[in-house]
Amino acid sequence: MGHRFLSIADPTNSIEWMIFLSKKYLSMFLEGTWLTLYIAVLGTLLGFVLGYVIGIIQDQKINQGDLFIKKILIRLIKIISTVYVEIFRDTPMIVQAMIIYYGIRQTGVDLTPVVAGILVTVLNTGAYMAETVRGGIGSIDLGQREGAWAMGMSPMKTMFYIVLPQAFQNIIPEMANTFLTNLKMTSVLNVIAVQELFMAAKTVGGNYYKYFESYLVIAVIYFVLCFVFNKIFGLIEKKMKGKEDYALAVEYLDNE
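Because the structure is predicted, anything quoted here is derived from the model rather than measured.

Here we come to the side chain of Ser187. Mapped onto the elements of the fold, Ser187 is located in the loop between helix 7 (155-185) and helix 8 (197-208). The class for Ser187 is buried, based on a relative accessible area of 18%. A polar contact of 2.8 Å, which involves the side chain of Ser187, links it to the backbone oxygen of Lys184. When neighbours within four sequence positions are excluded, Ser187 is seen to be in contact with Glu196, Phe198 and Tyr222.

What follows is the structure in structure tokens.
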């Protein structure tokens, strides 16, 4: 849209322009906010699952008694997962979005910008969460695994029933940080025409050539979203940790 002619009653300063643009293009900002949340939530959840799988793969050990085929298979899968993690951790997300979107479309697949954006977010999140999961698994005392094995549990059951639940609790803060990062990083997806929050501000700003005020509006929206989710994740983390005054029971018994 081109420049609009203004009347004498039109806004005269940045604050008034922010209010004016927010009211006039409320639906556009809401749609952009919804799409931003949709991509960030779905991309983080699927990326977390992918990261969990990759983290478990990278934690696998090759034992002397394993079959030759099993050794080769595990080593090959670990090499592939390592290459994947390094590529997506060492390249910018905006470049990944361009390559994946235009690269896949060149193969004849009619990939939509939203699907491409979710795919990029999933792959990017999975690469970062893989290292986090691997670190979380490594933080669990090896004695717990050995104790489970001594009780007759298989390595797979030990991983799923003993190690992973504890590792999950340890990596919740990082998962929350990853989601907040994705919430903000969805803005780079405007390069492949995803109509998220940043694209909405860019479009609105161009209608009146008020880019500064338009970007201030989404800055407030991003801040509110991140602030609210940060508080929610803080409450969840506190809830999972449980009470911190278990010593009171000991003190009570001592007093008796």
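For the rest of this paragraph, the subject is the pattern of salt bridges. In this structure the tally under the stated criterion is 2 salt bridges. Taking the shortest distance from any N to any O, the salt bridge between Asp110 and Arg105 comes out at 3.4 Å. Accessibility expressed as a relative area gives 65% for Asp110, which makes it exposed. Overall, the relative accessible area of 35% leaves Arg105 in the partly exposed class. Across the salt bridge formed by Arg134 and Glu131, the nearest N and O atoms sit 2.9 Å from each other. Highlighted residues: Arg134 and Glu131, both in helix 5 (residues 113-138), separated by 3 residues, approximately one helical turn. On the basis of relative accessible area, Arg134 is assigned to the partly exposed category, the value being 36%. Note on Glu131: relative accessible area 26%, which makes it partly exposed.

This part is about unusual backbone geometry. One non-glycine residue, Ala193, adopts positive backbone phi at about 70 degrees. Note on placement: Ala193 falls in the loop between helix 7 and helix 8. Judged by relative accessible area, which is 39%, Ala193 ranks as partly exposed. Phi is positive for Tyr209, close to 55 degrees, though the residue is something other than glycine. As for its placement among the helices and strands, Tyr209 is situated in the loop between helix 8 and helix 9 (211-241).

Calculation criteria
Residues numbered from 1 in each chain as written. Predicted model: local features only at pLDDT ≥ 70, side-chain atom pairs only at ≥ 80, totals over all residues. Heavy atoms only, no water. Helix = DSSP H or I, 4+ residues; strand = E, 2+ residues; numbered from the N terminus. Buried < 20%, exposed > 50% of the residue type's maximum accessible area, 1.4 Å probe, protein only. Polar contact = N/O pair within 3.5 Å; in protein donor to acceptor, adjacent residues only side chain to side chain. Contact = heavy atoms within 4.5 Å. Salt bridge = Lys/Arg side-chain N within 4 Å of Asp/Glu carboxyl O.

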